[in-house]
Amino acid sequence: MHKLQPKKIFIEKDVVNSPVTRQILDKLPDITVEYIDDYRSIKVDGRTTDDVFKKSKECLAIAGKKGELVKQFRCRDGIVGDTEYFISHGNNCSFDCDYCFLQCYFDNAVPTVFVNHDEMLDDIKDVLLAAGDKKIVFHAGELCDAMAFDDLTGLSCKLIPLFSEYPNARLELRTKTTTVENLLNIKAADNIVVSWTFSPQVIVDTHEHKTPSLEQRIRAAEDVQAAGYNVGICLDPIILCDDWFDHYKTMLEILFERLNIEMVKFISLGGFRYLSSLTRVIRERDPQTNLLLGEFVPCVDGKYRYFRPTRAEAYKEIGKVIRELAKDVKISLCMETPEVWNSVKDVLR
Ligand code: SF4
């Protein structure tokens, strides 16, 4: 099992005595600690951009979140999607995916956990109560892997009992981790979906550094399903590497053989996309990268995506494989334009 072992911890002075901070420190004895005023001003030195990122990801910051703990997420005009909410429980994560948009999103790349859990739960409750009987979806994996620090913070042990009281709400915990012990020890609720980003092992090896292997992720998903949870399958980002179709087909066959499809709530497909600001970081970190090879075009939301016919073809081919393996599972596209949805809807429905 993957366990986070940071080399150094930054702790904001204001949260030194927080129960969650004490709990994390109990689990990481003898670690070097630096006390700081504000997580946003952490600076990590390094010879190169890549060095700064690598060193940053060896640290952990414990902080109190400034600003909103629950944020509304709206797709930009021209991109299909519903208004949903995400829980801001941390920034960055200890993994190091080449394509991660967070590399150009925050002031630093140090994985940071927010320990003002009581405030976070109160804010979530406010949104849940305001929603009344309406269906409402929360995510906990937008700006930080949802489970990467769960063995340290125990946040899932607070979120799951809370959401189990609000059956009209759904909480999606999106992850690449195997740190799922807390989930196995608390009662599953029907409105919790633990979703894994699954990538063919060749993509994991090339672009998802420090992450659990495909096999480890599948085993974690099997364990979580056996404990009674619904699971989601995210193929996002789909990267069109050499022989991409064979790699994705083989992976899907393994997933469908190993997972209980009755308990798979959805499969979501999303092609690799990026803002132009990310290209500088990707190229600086690895001038030889093949991630940006291919024909990318700017889209209505300012992100670059594979040329439209190329990605529509990829969704269709992957969709056909899924439909051959499972007739009824819900398939959706992540952050796509209406034109692409329309061109693939016959295969995906
Ligand atoms: S697991 Fe997610 S948050 Fe972490 S580096 Fe990879 S893409 Fe970024």
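Whatever comes next refers back to the structure up there.
For clarity, every value in this text was computed on a predicted model and none was experimentally measured.

Draft legend 1. Structural view of the overall build of the chain. Helix and strand counts for the chain stand at 12 helices and 18 strands. The C-alpha radius of gyration computed for the chain amounts to 20 Å, which stays within 12% of the reference 20 Å derived for 349 residues, consistent with globular compactness. Taking the principal axes of its C-alpha atoms as reference, the chain extends roughly 55 × 50 × 40 Å. Counting all 349 residues of the chain, 56% fall into the buried class. The contacts in the chain between residues at least 6 apart in sequence include a share of 75% that link residues at least 24 apart. Summed over its atoms, the accessible surface of the chain is roughly 16000 Å², and 48% of this surface lies on carbon and sulfur atoms. Both charge centroids of the chain, one from 46 positive and one from 55 negative side chains, sit 2 Å from each other.

Draft legend 2. Highlighting the sheet that holds strand S15 (residues 273–274). Pairing is antiparallel across the open sheet formed by three strands, whose spatial order is S15-S17-S16. Of all strands in the sheet, those with a lone pairing partner are S15 and strand S16 (296–298), marking the two edges. Inspection of the sheet shows S16 paired to strand S17 (residues 304–306) by three bridges, in the antiparallel sense. Opposite Val-297, over in S17, you have Arg-305 as the bridge partner.

Draft legend 3. Molecular detail of helix H11 (residues 308–325). Here H11 spans 26 Å end to end across 18 residues, near enough to the 26 Å set by a 1.5 Å rise per residue. The set of residues buried in H11 consists of Arg-311, Ala-312, Ala-314, Tyr-315, Ile-318, Gly-319, Val-321, Ile-322 and Arg-323. As for H11, its buried residues are in contact with strand S13 (230–238), helix H9 (244–258), strand S14 (264–271), S17, strand S18 (331–333) and helix H12 (338–348).

Cut-offs and rules
Residues numbered from 1 in each chain as written. Predicted model: local features only at pLDDT ≥ 70, side-chain atom pairs only at ≥ 80, totals over all residues. Heavy atoms only, no water. Helix = DSSP H or I, 4+ residues; strand = E, 2+ residues; numbered from the N terminus. Rg over C-alpha atoms; globule rule 2.2 N^0.38 Å. Buried < 20%, exposed > 50% of the residue type's maximum accessible area, 1.4 Å probe, protein only. Contact = heavy atoms within 4.5 Å. Areas by Shrake-Rupley, 256 points an atom, 1.4 Å probe, with all protein chains shown as cover. Lys, Arg positive; Asp, Glu negative; His and termini not counted. Charge placed at Lys NZ, Arg CZ, Asp CG, Glu CD. Pairing = 2+ DSSP bridges. Expected span 1.5 Å × (residues − 1).

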